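The lines below spell out each chain.
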Amino acid sequence: MAVPKIGLIVVGDEILSGLRQDKHIPAVIERLTARGLHLSWVQMVGDDREFLTATLKRSFASDHIVLSCGGIGGTPDDHTRQAAAQALGLPIVRHEGAVELIRQRCEESGQPLDEFRLRMADFPEGASLIPNPYNRIAGFTIGQHHFVPGFPVMAWPMIEWVLDTLYPQFHHRELEYKRALLLFNTPEARITPVMEQLEAQYPDCKLYSLPSVGDNKLARHIELGVKARGDFGKKDVVSNAFTELVNVLESMNCEFKLIN
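Notes on the structure follow. Per-chain numbering applies: the sequence of each chain, read as written, is numbered from 1 onward. Local features in this predicted model are restricted to residues of pLDDT 70 or higher, and side-chain atom pairs are both shown and tallied only at a pLDDT of 80 or more, whereas totals for entire chains, interfaces and linings draw on every residue. Values reported for side chains reflect all heavy atoms of the structure, with hydrogen atoms and water molecules removed beforehand.

1. Details of the packing of aromatic side chains
Centre distance and the angle of the planes are the two values used to describe a pair of aromatic rings.
Turning to step 1, where the next piece is worked out: The pairing test for Phe, Tyr and Trp rings, Trp by its six-membered ring, is centres within 6.5 Å, and the orientation test on the planes gives stacked under 30 degrees, edge-to-face over 60, and tilted for anything in between. If you walk through the whole model with that rule in mind, you get three aromatic pairs.
Turning to step 2, where the next piece is worked out: Centroid distance Tyr167 to Phe170: 6.2 Å. Interplanar angle 20°. Geometry classified as stacked.
Turning to step 3, where the next piece is worked out: Each residue is assigned to one of three classes by its accessible area relative to the maximum for its type, calculated with a 1.4 Å probe on protein chains only: buried under 20%, partly exposed between the two thresholds, exposed over 50%. Owing to a relative accessible area of 6%, Tyr167 belongs among the buried residues under this scheme.
Turning to step 4, where the next piece is worked out: Through a chain of ring-to-ring contacts, the aromatic side chains of Phe123, Phe140 and Phe147 assemble into a single cluster.

The following block contains the structure:
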């Protein structure tokens, strides 16, 4: 079974307006990497139900695993639960398991069990719960989409639970192999044909080029590399493609330095 692509949706006007800086992208990448998984795409969406619904319609139509952070509270600017239901053509229903968790939370904190808090138990019909170790207010899963709050202290442990409980079969199934060098005094236009030639010759590999203006420690350069994901056999493929790259650069009298 192939490992599905994994996407991340970050919801909230405060991110797009600059009131808060996103922390979810690096945190999710870190947690995926620790499990041998990789983030394929990210989309940042404001508190706009129509646009969020359209975004979710597209992602539900894929076979991707999707993590969504934000917008599942009970205030008027929280639209993620309703947008997910609309995207799937499902009604919103009150989840009794989530209600019980909210009741327990209210008893522990001495807060009233009011309608505002109970709204956070309203999910698309058929959703299952994602436990929240911070305050018991659950997130939800429907299909391969997993919705958690925007607060990092809640979201990140909940994402770890999703990855470890629902997708352990994909952990470390695909390793990433990479070889790279620093290329000096060579414009990208000169090496583009080389990259295209090697990608055609080694279709399992991707070649990448990361230009840098340099600094007082390192002159202007390009990080040029070969990478591939897959089983252990991909290591030899990357090594062969990288050796070919080095040979071509030497034949072009290019100045470079190996970095791994």
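Next, the rest of the story.
2. Considering helix H4 (residues 80-88)
Turning to step 1, where the next piece is worked out: Counting from the N terminus, the helices are the DSSP runs of H or I reaching at least four residues and the strands are the DSSP runs of E reaching at least two. In terms of burial, H4 is largely enclosed, as seven of its nine residues are buried.
Turning to step 2, where the next piece is worked out: Three or more residues of H4 are buried, namely Thr80, Arg81, Gln82, Ala83, Ala84, Ala85 and Ala87.
Turning to step 3, where the next piece is worked out: Downstream of H4 by one or two residues, Gly89 has phi in the positive range, about 70°.

3. Considering the environment of Pro211
Turning to step 1, where the next piece is worked out: Mapped onto the elements, Pro211 comes out in strand E10 (residues 206-212).
Turning to step 2, where the next piece is worked out: Sequence-wise, Pro211 and Phe184 are 27 residues apart; in three dimensions their C-alpha atoms are separated by 9.9 Å.

4. Overview of the pairing of strand E11 (residues 221-230)
Turning to step 1, where the next piece is worked out: In terms of residue burial, E11 counts as a mostly covered element, since seven of its 10 residues are buried.
Turning to step 2, where the next piece is worked out: Where strand E9 (residues 175-184) lies against E11, 10 bridges are found, and the strand directions are antiparallel. Paired with Ala180 across the strands is Gly225, a residue of E11.
Turning to step 3, where the next piece is worked out: Two strands pair under a simple rule: DSSP has to find at least two bridges between them. Pairing between E10 and E11: seven bridges, direction antiparallel. Opposite Lys206, over in E11, you have Lys227 as the bridge partner.

5. Details of the side chain of Asp122
Turning to step 1, where the next piece is worked out: As for its placement among the helices and strands, Asp122 is situated in strand E5 (residues 122-124).
Turning to step 2, where the next piece is worked out: The class for Asp122 is buried, based on a relative accessible area of 13%.
Turning to step 3, where the next piece is worked out: A distance of 2.7 Å separates a polar atom in the side chain of Asp122 from a polar atom in the side chain of Arg94.
Turning to step 4, where the next piece is worked out: Excluding residues that lie within four positions of it along the chain, Asp122 makes contacts with Arg81, Ile92, Val93 and Arg94. Here a polar contact means two N or O atoms within 3.5 Å. Within protein one must be a hydrogen donor candidate and the other an acceptor candidate, and residues neighboring in sequence count only if both atoms are side-chain atoms. Contacts between residues were defined by any pair of non-hydrogen atoms, one from each residue, lying within 4.5 Å.

6. Concerning the packing of helix H8 (residues 188-201) against helix H9 (residues 233-251)
How two helices pack is summed up by the angle between their axes together with the distance between the axes.
Turning to step 1, where the next piece is worked out: In contact at an axis separation of 11 Å, H8 and H9 are set at 150° when each is read in the N-to-C sense. Taken together, the axes of H8 and H9 lie roughly antiparallel to each other. Judged by the sense of rotation from one axis to the other, the crossing of H8 with H9 is right-handed. Residues Ile191, Val194, Leu198 and Gln201 of H8 lie in contact with H9, whose contacting residues are Ala241, Glu244, Leu245, Val248 and Leu249.
Turning to step 2, where the next piece is worked out: In the scheme used here, Gly and all other residues not listed as nonpolar or charged are polar, with Ala, Val, Leu, Ile, Met, Phe, Trp, Tyr, Cys and Pro taken as nonpolar and Asp, Glu, Lys and Arg as charged. Here the contact of H8 with H9 is built from residues that sort into seven nonpolar, one polar and one charged. A fitted line through C-alpha atoms represents every axis, and for helices the fit uses only the stretch in contact; the resulting angles, taken between N-to-C directions, go from 0 to 180 degrees. What sets the label is the angle itself: under 35 degrees gives roughly parallel, over 145 gives roughly antiparallel, 65 to 115 gives roughly perpendicular, and the rest give oblique. By definition, turning the near helix anticlockwise from the far helix through less than a right angle yields a left-handed crossing, and turning it clockwise yields a right-handed one.

7. Some details on the sheet that holds E10
Turning to step 1, where the next piece is worked out: An order of E10-E11-E9-E12 is seen for the four strands of this open sheet, with the pairing classed as antiparallel. For this open sheet the edge positions go to E10 and strand E12 (255-258), each flanked by a neighbour on one side alone. Within the sheet, the average angular offset between the axes of one strand and its neighbour, ignoring direction, is 25°.
Turning to step 2, where the next piece is worked out: Of the strands in this sheet, E9, E10 and E11 are in contact with H8, which crosses E10 at around 165°.
Turning to step 3, where the next piece is worked out: Sheet strands touched by H9: E9, E11 and E12. Its angle to E9, the strand with the most contacts, is close to 10°.

8. Here we look at the environment of Gly71
Turning to step 1, where the next piece is worked out: Secondary-structure assignment places Gly71 in the loop between strand E3 (65-69) and H4.
Turning to step 2, where the next piece is worked out: Taking C-alpha positions, Gly71 is 13 Å from Glu50, a pair spaced 21 residues apart along the chain.

9. Considerations on the pairing of E3
Along any regular strand, the residues point their side chains to alternate faces of the sheet.
Turning to step 1, where the next piece is worked out: E3 sits mainly inside the fold: five of its five residues count as buried.
Turning to step 2, where the next piece is worked out: What you see with E3 is no split at all: Ile65, Leu67 and Cys69 on one side and Val66 and Ser68 on the other are buried throughout.
Turning to step 3, where the next piece is worked out: Bridge count for strand E1 (residues 6-11) against E3 is five bridges, and the pairing is parallel. Bridge pairing in E3 places Val10 opposite Cys69.

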